[in-house]
Amino acid sequence: MNKPTDKKIAEVIEASTTQFTAQCYELYEVPPLGSLVKTGDIYGIVAYAETEGMEPGRKPVARGKDEATEKAVYESSPQLKKLLRSEFTAAVVGYCKDNKIHQYLPPQPAHLHSFVYLCPPEEVEEFSKSFSFLNTLLNAAIPIPAEEFVAATLRQMSHVHDNSHDFLVAAGKELANLLNSNIARLKNILEKLKIK
Amino acid sequence: MTDKLGIVTNASLEKGVDVRLDAPVSVEDMVVGRYVTIEGQKRRFFGMITDVRLGVTDDSLTVSPPDISDPFIAEVLNGTSTFGQIHVTPMLTIGGDAAAITEGPQPVKTIPTHFCVVNLASEGDIERVFGKEDKERFFIGNPLDMETKLCLNLEEFVKRSNGIFGKSGTGKTFLTRILLIGILQKSKAVNLIFDMHSEYGWKGTHEGGAPVKGLKQLFPSNVAVFTLDEESSKRRKVATDYVVKIGLNEITPEDVAILRSTLNLTDLAVEAAYQLRKVLGKDWLNKVLNLSEEELEELLKTANIHESSLQSLKRGLGTIGRLGFVVPEAKDDAVKNILDYLQQGRNVVLEFGRYQEIAAYLLVANLLSRRIYSRYQQKMEEAIAADSDAMKPRPLVITIEEAHKFLNPEVADKTIFGTIAREMRKYNVSLLVIDQRPSGINEEVMSQLGTKITCLLDNERDIDAVLAGVSGKNELKAVLARLAPKQQALIFGHAVPMPVAFQPREYGSAASYKDFTSPGKPTDEKAPKDIEKLWE
């Protein structure tokens, strides 16, 4: 469960059984692609993020012609931070019940306006002890290629493991079993997993 | 260290068991002939690796191989998309219940279920199957790539005729020496060895090494060396016990018959020998060789023999007559002498010295064996009549080399060895045949051999001949054809519960001699361990 010290980063503005979209409280403070986030008891993995204007149909205009730096653009137009918003979509990969992590879809989707937290390293490590979520990732209906998504997730998760090489090999083997009839796809993911 | 190799993925009683190897097990460590156990749900299976293969989950991997220069990708794919497979031929089972365990290993009649765990056989497994070294079992070597002692029950072994096969230079002679020592130590049987190349008695040669000790040097009180060629024995500084001479009067037409092809005789010439014996009596051969021209003509008329046949026969008999150990009349009875030694429990090695031509070997081995066998037959019948086990003669094992010359289909019916091989142990005589061309041996004789031990053979017909009638023949063929050219052998048949490829124990170093002459004595390393135990 969330501890009171965890910092909320976003709020759910769209939710379904398989994914939820959250708006970040701060512009551009989107969790990295593939990171594990949590809202309520539901775990999701960041699959897609975008930043756009508040009003649909009204395009942002270029403002930096007379500014020296990009930062100066925002400083001279402080309203921008209120007119623009960053959102991300997370694929639901599991939920927590009775302090136990289940890597399958939750019985109910997330609530709107529930807070979204970035999972701390210990929780990521605990979650990634099992690889059942990989199959969910491979089949998630998201706007980016599933190979990119899986590779980004595993790269993110590998940072919290003491031996990231062993973690990636174990995950790779799980993927090899899942994709045993589609080697091209497997190779595609494996090539994106190299961290060095 | 766990010895888990993988899991059963497919099986058929007829075709064997397919095992998918676990990722950490390298396919390169798997060699045919190795011995594995399969932990079935209700019983354990023992089997032998008979094939090793590579597998892929997706054929496109073989078409466009991944970048294996990247160790990460190689590591991920190893054991998942690409994996090793072994093919195991199950040979024995042990049931799980108490009764089955006391019963011991049984021949395989079923197969393990899916995904049973396959392990490398441990020392304990091998011991359970082949037994420990004890008063009947003799340590003959180590199963391939294992430290375990492979033991052969020699009391069982000598109950049948046996064969040792292998190409020239594969270690048949070393293997035979080891087995002879085993028979000498662990069974009641005595050996009579027709030692064509003088390899067993006193000293043997060792390719690329110092000469090795023969039986007499290791067991002086149990082994007697007889020789046909006293001079050669003296030159080689061999202490011989007896010089064998063969009297011309001892040679019968039957002996001539088996030399037919060796002496290049015609069928009619052989027929003539029988005829002459009828006319001239026991000393026929001596007489034929010393006949004058007139006597010859006279003889041709009375015996109704064609002249050309007689000439052919005379030419052949001349070859026999010229052999140095053949005398017109032998002073003492060589057969009686050999039998006396054998009855005292002493093993007899008959050295041929310089008489290494096949004619001499065939003649002597056949002649002596026939007469020894008939004495055995007589004694055995007397013992049966008197219903006394004590009167039965000691079991005898006759060792012959170049066995295909005695047991080829043409002469197998005529030589005594054919009879011995077929009649087995009825008269307490069995054979140990050593040969490099098993395909030349009569099929019927081959099928009667109890235990066969074979070193590398690479002729298709020889392999077929050796493996004829063995279950799992094709799998064993793969094992046999891949034995190392030296010091590896495959044993199967009566005396072993299942076929096993092994490396014969060492023979030739001082330590090995000590092991043979005083087996089971604690070695120096063991003593400190025992002392340590006292303090525990």
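### What to know about the overall build of chain A
Looking only at helices and strands, chain A features 7 helices and 7 strands. Along chain A, from the amino end to the carboxyl end, the secondary structure elements read β-β-β-β-α-α-β-β-β-α-α-α-α-α. Each principal axis of the C-alpha atoms in chain A carries an extent, and together these give about 55 × 40 × 30 Å. Among the 196 residues that make up chain A, the fraction classed as buried is 30%.

### Thoughts on the overall build of chain B
Of the regular secondary structure elements, chain B holds 22 helices and 23 strands. In terms of overall dimensions, chain B has a C-alpha envelope of 95 × 65 × 50 Å along the principal axes. If you take every contact in chain B between residues at least 6 apart in sequence, the share linking residues at least 24 apart comes to 71%.

### Some remarks on the packing of helix 15 (residues 358-386) of chain B against helix 17 (residues 416-423) of chain B
Residue and element names in this part refer to chain B. Interhelical geometry of helix 15 versus helix 17 gives an angle of 45° and a closest axis separation of 9 Å. With respect to each other, helix 15 and helix 17 are oriented oblique. Along its contact with helix 15, which presents N366, S369, R370 and Y373, the element helix 17 presents I416, F417 and I420. Split into classes, the residues belonging to the contact of helix 15 with helix 17 amount to 4 nonpolar, 2 polar and 1 charged.

### Things to note about the pairing of strand 8 (residues 137-143) of chain B
Residue and element names in this part refer to chain B. In terms of residue burial, strand 8 counts as a mostly covered element, since 6 of its 7 residues are buried. Of the strand pairs in this sheet, strand 8 and strand 9 (residues 150-153) are connected by 4 bridges, and their pairing is antiparallel. Paired with R137 across the strands is N153, a residue of strand 9. Connecting the antiparallel pair strand 8 and strand 9 is a turn made up of 6 residues, with D145 showing a positive phi of about 60°. With 3 bridges connecting them, strand 8 and strand 23 (residues 500-504) associate as antiparallel partners. Note that in strand 23 the partner of N142 across the bridge is Q503.

### Some remarks on the interface of chain A and chain B
Contacts between the two partners involve 13 residues from chain A, matched on the other side by 12 residues from chain B. When contributions to the side of chain A that touches chain B are tallied by element, the ones reaching two or more residues are helix 6 (164-178) and helix 7 (183-193) of chain A. Of the residues in the side of chain A that touches chain B, the class split is 6 nonpolar, 4 polar and 3 charged.

### Looking at the sheet that holds strand 11 (residues 190-195) of chain B
All names here are of chain B. A sheet is described by the order of its strands in space; here 12 strands give the open sequence 9-8-23-22-21-10-20-19-11-18-14-15, paired in mixed fashion. With one partner strand each, in any of the chains shown, strand 9 and strand 15 (242-243) form the two edges of the open sheet. Where strand 11 lies against strand 18 (residues 347-351), 4 bridges are found, and the strand directions are parallel. Paired with I193 across the two strands is V349, which belongs to strand 18.

### Considerations on the domain arrangement of chain B
Domain boundaries in chain B define domain 1 (4-121), domain 2 (160-245 + 331-449) and domain 3 (248-326). Computed over C-alpha atoms, the centres of domain 1 of chain B and domain 2 of chain B are 44 Å apart.

### Brief notes about the pairing of strand 11 of chain B
Look at any regular strand and the pattern is simple: side chains alternate between the two faces of the sheet. All names here are of chain B. Summarising burial for strand 11: 6 of the 6 residues are buried, a large majority. Burial of strand 11 is two-sided: the residues V190, L192 and F194 facing one way and the residues N191, I193 and D195 facing the other way are all buried. Inspection of the sheet shows strand 11 paired to strand 19 (residues 396-400) by 4 bridges, in the parallel sense. Along strand 19, the bridge assignment pairs I193 with T399.

### A closer look at helix 20 (residues 473-481) of chain B
Within helix 20 of chain B, burial applies to B:E475, B:L476, B:V479 and B:L480. Along the axis of helix 20 of chain B, the buried positions cluster into a sector of 140°, meaning they face one direction only.

### Comments concerning the environment of B:I258
Residues and elements named next belong to chain B. When you line up the elements, I258 lands in helix 9 (residues 253-258). Spatially, the C-alpha atom of I258 lies 21 Å from that of S161, the residues being 97 residues apart in sequence. Beyond its immediate sequence surroundings of up to four residues, I258 is in contact with L362, N366, V411, K414 and T415.

### Some remarks on unusual backbone geometry
Residues and elements named next belong to chain B. With a phi angle near 55°, K237 is a residue other than glycine that sits in the positive phi range. Tracing the backbone through its elements, the reader meets K237 in the loop between helix 8 (230-235) and strand 15. In this structure K237 comes out as exposed when scored by C-beta crowding, with 8 C-beta atoms within 10 Å. Here N428, not a glycine, exhibits a phi torsion of approximately 65°, which is positive. Its 22 C-beta neighbours within 10 Å are what place N428 among the buried residues.

### Remarks on the confidence of the model for chain B
Residues and elements named next belong to chain B. Residue-level pLDDT values for chain B average 83, and 96% of them are 70 or greater. Predicted confidence for residues 521-531 stays below pLDDT 50, and this span has 1 contact to residues more than four positions away or in other chains. Interface confidence for the predicted complex, given as ipTM, is 0.80, next to a pTM of 0.72.

### Digging into the environment of A:G34
Residue and element names in this part refer to chain A. Among the structural elements, G34 can be located in the loop between strand 2 (19-24) and strand 3 (36-39). Classification of G34 by C-beta neighbours within 10 Å gives partly exposed; the count is 19. Remark: the alpha-carbon pair of G34 and F149, spanning 115 residues in sequence, is separated by 6.5 Å. Once residues lying within four places of it in the same chain are set aside, the contact partners of G34 are I45, V46, F149, A152, T153, R155 and Q156.

Definitions and cut-offs
- Residues numbered from 1 in each chain as written.
- Chains lettered and ligands numbered in written order.
- Predicted model: local features only at pLDDT ≥ 70, side-chain atom pairs only at ≥ 80, totals over all residues.
- Helix = DSSP H or I, 4+ residues; strand = E, 2+ residues; numbered from the N terminus.
- Buried ≥ 20, exposed ≤ 12 C-beta atoms within 10 Å, placed from the backbone.
- Contact = placed C-beta atoms within 7 Å.
- Axes fitted to C-alpha atoms, helices over the stretch in contact; angles between N-to-C directions.
- Parallel < 35°, antiparallel > 145°, perpendicular 65-115°, else oblique.
- Nonpolar A, V, L, I, M, F, W, Y, C, P; charged D, E, K, R; others polar.
- Pairing = 2+ DSSP bridges.
- Domains from an automatic or database assignment.
- Arc of directions from axis to C-beta.
- pLDDT = per-residue confidence, 0-100.

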